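Chain by chain, the residues run as shown.
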Amino acid sequence: MNYEKNQILTVEIVDMTSEGEGIGKLDGYPFFVKDAIIGDKAQIRVTKVKKNYAYGRLEKVLTPSPFRVDAKCVFHKKCGGCQIQAMSYQRQLQFKESKVRNNLIRIGGFAPELVNKVMEPIVGMEEPFHYRNKAQYPIGKDKEGNPTAGFYAGRTHDIIANTDCCLGVKENQQILEMILFYMKENHVPAYDESTGKGLIRHVLIRKGFQSGEMMVCLIINLKEKNRTHDYLPAQSKLIDALTTIKNMTSISVSINTEKANTIMGKEIHTIWGKDTIEDTIFVRDAEKEFASAGRGVTFAISPLSFYQVNPVQTEKLYSLALSYAGLTGKEVVWDLYCGIGTISLFLAENAKQVYGVEIVPQAIEDAKRNAENNGIKNARFFVGKAEEVLPKQFEENGISADVIVVDPPRKGCDAECLETMLKMAPDRIVYVSCDSATLARDLRVLCDGGYEVKRVRGVDMFPMTVHVETVCQLMRKDADDSIVGNVVNRKINYREEEILDCGCIYG
Ligand code: SAH
């Protein structure tokens, strides 16, 4: 097959990659086409040819897929934040379910029959837009030199002006327009990455969905020597404007003078109102279509706190984890990778004792404060790596586990951590994952070590994107000593190398 760059071809999109690109095939040779949707017949321009596959650009949709919808955002192709906005929401959910299913089969090596048996329908959203409680907008200037806010185009750092992202709350636009107006009126310069000059770098906006409280944090390139009493020029004018926003609760600046890509600086100064906003996550009954169970846990959130960005789905995710944990009030529960203790505090009321482990010290400080504010006395938190804290507490201090919950970052659990979990032999393990490829790898290790996957359910925390969260329940095959003995002495077959998400979803 000899294809050439810039060649125009007509292809049927028969499949999709886990990253949301359409796959067209000509005589079995695949073309990866961004923005094409399964079911489209499309004209494409070849952009790169490799030995076994090629990339193409979508030139024209000749016959649209039955799953194609009008995207809400005019920038969705340029922005890259929403990879599958032009796909119907129902089809997005199906796409995500298949992604989890395929990873369990191809990476985890689980039999398709088992996967079909344990997988429950993915939990979608009723309103799949405006779900994010947090937005971070870069600030720059346009060709005329006016301040602008928007998003970085593709893989560049060029800002495309757009203050109205349809995943965020409606207040974002109003707040950003106020900040841009203030900058223009008072000649406050935007930060320029190439020179390291200018002041305003980013704007962080957060909203507590239950409390309604709003937080604005301006990330500024303020060098020590320039510092006056105020952090911003004409600071009171900005505060006067922002405080007209309903429920404005906290306005702060974060000082970041580094040239690196990190958005937030370490230093935060509140310039108006409180240091934190509050939000409450309510417990729901996952076995009864997530009906409200009445009680909730309230969290204080600072500009630097990690907090799940989709609060509506977070309630469902945590409620599912609680249900899979099967607590009766007598259990010792570990919550590994606990962040600010959200899952730990969610579980605490139904457990005898909860232990949380998290690598970021500030997050553990937040977790302790949150436990105290909610009157929770049976939660204890450790700062450190899960793979170091867990073996230490188990082997040196003899702390056991009836249930272990893990919610690791994308790279999954460390081998040492999985090995210790097997040694501790809890009755149940609940695995919450944001990457089903590493989830599948880790489940294989746990199942080879004596556990059985009982339930798996996807939760759509990020509609319009290709990401999917998964919750799994594992049970120890039985409490038979011989199995536990085997587990303890077993050498774990853990693959260190990065596991790539498998390519084709429907192939
Ligand atoms: N369960 C929390 C946070 C999940 S995000 C919530 O739902 O809010 C994963 C967390 O794991 C992050 O807070 C990250 O800082 C932490 N983390 C990353 N590597 C870790 C490690 N090796 N040991 C412990 N925590 C780690």
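Predicted model, so just to flag it, every value in this text is computed and none were measured.

Caption draft 1: Layout of the overall build of the protein chain. When you go through the protein chain residue by residue, the secondary structure sums to 12 helices and 22 strands. Taken over C-alpha atoms, the radius of gyration comes to 25 Å for the protein chain, in line with the 23 Å a tight globule of 507 residues would show. Once the C-alpha set of the protein chain is aligned to its principal axes, its extents read approximately 75 × 65 × 40 Å. Every one of the 507 residues in the protein chain was classed for burial, and the buried ones make up 55%.

Caption draft 2: Inspection of the site of the ligand at higher detail. Near the ligand lie 17 residues; those nearest to it are Gln308, Tyr318, Glu358, Ala386 and Asp407. Here an oxygen atom of the ligand sits 2.7 Å away from a polar atom, N or O, in the side chain of glutamate 358. At 2.8 Å from a nitrogen atom of the ligand is found a main-chain nitrogen or oxygen belonging to alanine 386. When the ligand sits alone it has 580 Å² of accessible area, and the protein chains cover 87% of it. Secondary structure elements with two or more residues in the shell around the ligand: helix 7 (342–348) and helix 9 (386–395).

Caption draft 3: Quick peek at unusual backbone geometry. The phi torsion at alanine 234 lies on the positive side, around 50°, for a residue other than glycine. Turning to its location among the elements, alanine 234 is positioned in the loop between strand 11 (214–220) and helix 5 (235–242).

Caption draft 4: Layout of a positive patch on the surface. A surface patch of like charges, here positive, comprises Lys5, Lys48, Lys50 and Arg155. Looking at where lysine 50 falls in the secondary structure, it is placed in the loop between strand 4 (41–49) and strand 5 (54–63). Classification of lysine 50 by relative accessible area gives partly exposed; the value is 38%.

Caption draft 5: Inspection of the environment of serine 98 at higher detail. Residue position: serine 98 is located in helix 2 (residues 89–106). Sequence separation between serine 98 and serine 18 is 80 residues, and the spatial gap between their C-alpha atoms is 9.3 Å.

Caption draft 6: Spotlight on the side chain of serine 319. Mapping serine 319 onto the fold places it in helix 6 (residues 311–325). Not counting the four nearest positions on each side in its chain, serine 319 is found in contact with Phe282, Val283, Arg284, Ala286, Phe290 and Phe346.

Caption draft 7: Expanded view of the packing of aromatic side chains. Within the structure shown, the criterion is met by 12 aromatic pairs. Seen from their ring centres, phenylalanine 32 and tyrosine 53 are 5.6 Å apart, and the 70° between their planes marks the pair as edge-to-face. Of this pair, phenylalanine 32 sits in strand 3 (residues 29–34) while tyrosine 53 sits in the loop between strand 4 and strand 5, and the two are 21 residues apart along the sequence. Using a relative accessible area of 16% as the deciding quantity, one classes phenylalanine 32 as buried. An angle of 35° between the planes, with centres 6.0 Å apart, marks the rings of tyrosine 355 and phenylalanine 382 as tilted. Here tyrosine 355 is found in strand 17 (residues 353–358), whereas its partner phenylalanine 382 is found in strand 18 (residues 379–383), with 27 residues between them in sequence. Across this residue pair, the class does not change: tyrosine 355 and phenylalanine 382 are buried.

Caption draft 8: Representation of the sheet that holds strand 18 in the model. Here eight strands make up an open sheet; going across it, the order is 6-21-22-20-19-16-17-18 and the pairing mixed. Unpaired on one side and paired on the other, strand 6 (119–123) and strand 18 mark the two borders of the sheet. Ignoring strand direction, the axes of neighbouring strands in this sheet form an average angle of 15°. As paired elements, strand 20 (residues 428–433) and strand 22 (residues 469–476) share six bridges and run antiparallel to each other. Note that in strand 22 the partner of isoleucine 429 across the bridge is leucine 474. Along the sheet face, helix 9 touches strand 16 (332–336), strand 17 and strand 18 and points at about 160° away from the line of strand 16. Where helix 11 (residues 436–448) meets the sheet, its contacts fall on strand 20, strand 21 (451–459) and strand 22, and the angle it forms with strand 20 comes to roughly 165°.

Reading guide: rules and limits
- Residues numbered from 1 in each chain as written.
- Predicted model: local features only at pLDDT ≥ 70, side-chain atom pairs only at ≥ 80, totals over all residues.
- Heavy atoms only, no water.
- Helix = DSSP H or I, 4+ residues; strand = E, 2+ residues; numbered from the N terminus.
- Rg over C-alpha atoms; globule rule 2.2 N^0.38 Å.
- Buried < 20%, exposed > 50% of the residue type's maximum accessible area, 1.4 Å probe, protein only.
- Near = heavy atom within 4 Å.
- Polar contact = N/O pair within 3.5 Å; in protein donor to acceptor, adjacent residues only side chain to side chain.
- Areas by Shrake-Rupley, 256 points an atom, 1.4 Å probe, with all protein chains shown as cover.
- Patch = residues over 30% accessible without salt bridge, like charges linked within 9 Å, V, L, I, M, F, W, Y side chains within 5 Å.
- Salt bridge = Lys/Arg side-chain N within 4 Å of Asp/Glu carboxyl O.
- Lys, Arg positive; Asp, Glu negative; His and termini not counted.
- Charge placed at Lys NZ, Arg CZ, Asp CG, Glu CD.
- Contact = heavy atoms within 4.5 Å.
- Phe/Tyr/Trp six-rings, centres within 6.5 Å; stacked < 30°, edge-to-face > 60°.
- Pairing = 2+ DSSP bridges.
- Axes fitted to C-alpha atoms, helices over the stretch in contact; angles between N-to-C directions.

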